[in-house]
Every structure is written in structure tokens, then in C-alpha cells.
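The chain contents come next:
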Amino acid sequence: MRFRTWLAVVSLLALLPAAASCSGGGSRATTPTASPPGDPMAAGRYGVGTATMTFTRQTAAGPRALKTLIQYPTDAAPGTSPQDGAAPAVGRFPIVILSHGSGGEPQFHQYLTRHLASWGFIIAAPEHPGNTLADCFPCDTKSVLASAKLRPDDVTFVLDQMLALKDDPSQPLGGAVDGEKTAIAGHSFGGWTAIFAAPTGRFSVAIALAPGAPETLLVRATTVRIPTLVMAGGRDEIVPIGGVRKLYEALPADTAKTLVTLPEGHHLSFVDGCLGCTDALDAARGHALVNGYVTVFLESELVGDKRYTAYLSASQPPDAVVEPH
């Protein structure tokens, strides 16, 4: 069942519990109207702005500068090219902190960050110094272990700095951030970071895309008490699906959780340039699936728009298999 059929079926399901009221796709309202949800794989109703800020935190080893890519909704026409430094759209928008993989960069996930910004989310994606493409590729065990000690504090620090922008009149983004709706997301080592940061009490939901070293997270996962989306590639040779499944199963039984597997997906199906993708699941289709499931998860579990909940139990065979809790 491809997307249009899937959308029609799920839209009918979503309308059953939401006959009272809901807003159109991408709305920040938490009270639904009767209108059906928009296509979560398509761009949302906002234009996209982009900015780069550097937030410096103090560590035992000295200052740690976190260069952060920020993408956010604007009032420009949907689908137009992202505008550097554009004014944010009027309103307050949930914030997503996105953590890149080992030897990666925030720019590797712009298919997702731009999509989410168009749907009304502010995304702040910091570099993790010492574990970027410029620092190490491939990264050795020493650099990975060093980064593991620093990454959780990196993401919470960037969240604090984004929330603090409201106190700086020179930063128009400050008034746009909804500090009551916060998400942590990441790919690979960033997915590890998301699960590790989830129990800190700073985030409302967590998203782990092909989370790296899942076996090291099993104990930590038992303490996660926020809604969590886990996505995995069935052909991922770097993070095999078996380990991801064990991580998913370690999340508490009373935690809202969803596992989405892309049976033909690879580890790099979750980045802009998918090396290893095949015609069985090309990069464009893989990105559309990631965009769609991440969007409906955030709309349902972070924004509170329950029209989208039905999507979280709807598979799209053969491209995606959903195992909701």
C-alpha cells in the first residue's frame, strides 16, 4: 500500500476520535478540528529560515564551542528555498534538538530539518566537537568514548541556550520558541545521545534513528518515561536491527513507544547522501518515510494533535513496518 492509499485509510481512522475540532497540518494548536490531517510526507505550510549560532559551555577541559545549525518556520511561501536570517513566523513553536552521528555534521540531515521546520518546528542541531567529520572519519574508540561523556550535556546546554534567547531582544527567535514542548532526536551516535538524554527531565519526547551501540543503552532505556520513536533499517550492517529491537523492548512497558523498521533501509538511509541505498528503497523514498513518521510522531506526541495517532500504528508494506506499543 503506497502513500495515497495509506493516507486515505489513516485519515478516516484519525477522524473517528477527533470529530470535535482540529487545525490544518502543521498547526501548533493542541485542540483538533474536524479537518483531516495533511500529508506528513509533503512540506508543511511554512517557509523555512536558517541561522547558525555558536553556544560555548565550560567543561573540565576548557571552553567547548557548539556551532549549531538552526532551521525554523517563516511566513515565506511553502516550498521556497530556505532563507538565511529570515524573520520567524508569528507564533510559538516546539523545539527539536538534533544530534548527529559519529563523524557526522548537522548538515547531513537537512532533508529532515527543513521538512520539520516547514511543519512548524524549530530545530537546533549542534556539532559535537571532537566527533565531527572534520575531526575524525572514521572515529576511533578513544574519540567515541570521549564524545559519549560530553554529548548528553551538549544537547541539554543547547536547549538551555535556545530557551534563553527570549531574554535577548536582538534575537527574534527567542519569542518563537515554545519551551513547554521540547524534543531530543538523533541518528546513530546521535540516536544513542537521544536515548541517553531522554530521562533527564528536559525533553517531552525522544526520537532515535538507527541508534548506535544499542546494547550499551539497555539499562538506560529502562528509565525512559517519555514517548519514544525508534526507527531502524532492516539492512543496516552498522547497527543491526536485532540490537535496535532489544533497545526498543528495554523501554518500559508503560512508556508510549513505536518502532518503525524500513526493511530495505541502510544505516545511511537516515542522512542526506545515502551511500548503500538501492532501488529497493532509494534515498528519496527513505527520506519521505522518515519525514512522515517523525512528523506524525511529533504532531501526535509533542504537539498533542491526536488526529495523527493512527499513523503511528499504520505500516506501509513493503517499505515500512510499524510495531506500536
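We now turn to the structure provided with this report. (Residues numbered from 1 in each chain as written. Predicted model: local features only at pLDDT ≥ 70, side-chain atom pairs only at ≥ 80, totals over all residues. Heavy atoms only, no water.)

Quick notes on the nonpolar core
So, point 1. Grouped together as the largest cluster of nonpolar side chains are 46 residues, with contacts concentrated most on I70, I97, I122, M162 and I184.
So, point 2. Excluding residues that lie within four positions of it along the chain, I122 makes contacts with I70, Q71, Y72, P73, F93, P94, I95, V96, M162, L173, A176 and V177.
So, point 3. Counting 39 residues, the second-largest nonpolar core is a separate cluster that includes L116, A185, A210 and V296. (Core = buried A, V, L, I, M, F, W, Y, C linked by side-chain atoms within 4.5 Å. Buried < 20%, exposed > 50% of the residue type's maximum accessible area, 1.4 Å probe, protein only. Contact = heavy atoms within 4.5 Å.)

With respect to the pairing of strand β4 (residues 93-99)
So, point 1. Burial runs high along β4: seven of the seven residues are buried.
So, point 2. One ladder, built from seven bridges, connects β4 with strand β6 (residues 177-187); its direction is parallel. When the sheet's bridge partners are listed, I95 is paired in β6 with T182.
So, point 3. In this region the chain leaves β4, passes through helix α2 (residues 110-118) and returns to the parallel neighbour strand β5 (residues 122-126); the handedness of that crossover is right-handed. (Helix = DSSP H or I, 4+ residues; strand = E, 2+ residues; numbered from the N terminus. Pairing = 2+ DSSP bridges. Right-handed = clockwise from strand over helix to strand, strands pointing away.)

Some words on the pairing of strand β9 (residues 257-262)
So, point 1. Counting buried positions over the six residues of β9 gives six, a clear majority of the element.
So, point 2. Of the two faces of β9, the one holding K257, L259 and T261 and the one holding T258, V260 and L262 are both buried throughout.
So, point 3. Across six bridges, the pairing between strand β8 (residues 228-233) and β9 is parallel. Considered in β9, the bridge of A232 is made with T261.
So, point 4. The parallel pair β8 and β9, bridged by helix α6 (residues 241-250), forms a crossover whose chirality is right-handed.

Some thoughts on the state of the cysteines
Note on terminology: a disulfide is the covalent bond linking the sulfur atoms of two cysteines.
So, point 1. Scanning the model with the defined rule gives two disulfides in all.
So, point 2. The disulfide that involves C136 links it to C139, with 2.0 Å between the sulfurs. Between C136 and C139, the disulfide has an S-S torsion of 75 degrees and is therefore right-handed. You'll find C136 and C139 in the same group, each marked buried.
So, point 3. Covalent S-S linkage joins C274 and C277, the inter-sulfur distance amounting to 1.7 Å. The sign of the S-S torsion, about 80 degrees, decides the handedness of the disulfide formed by C274 and C277: right-handed.
So, point 4. For the chain, numbering the cysteines in disulfides from first to last along the sequence yields the connectivity 1-2, 3-4. (Disulfide = S-S within 2.5 Å.)

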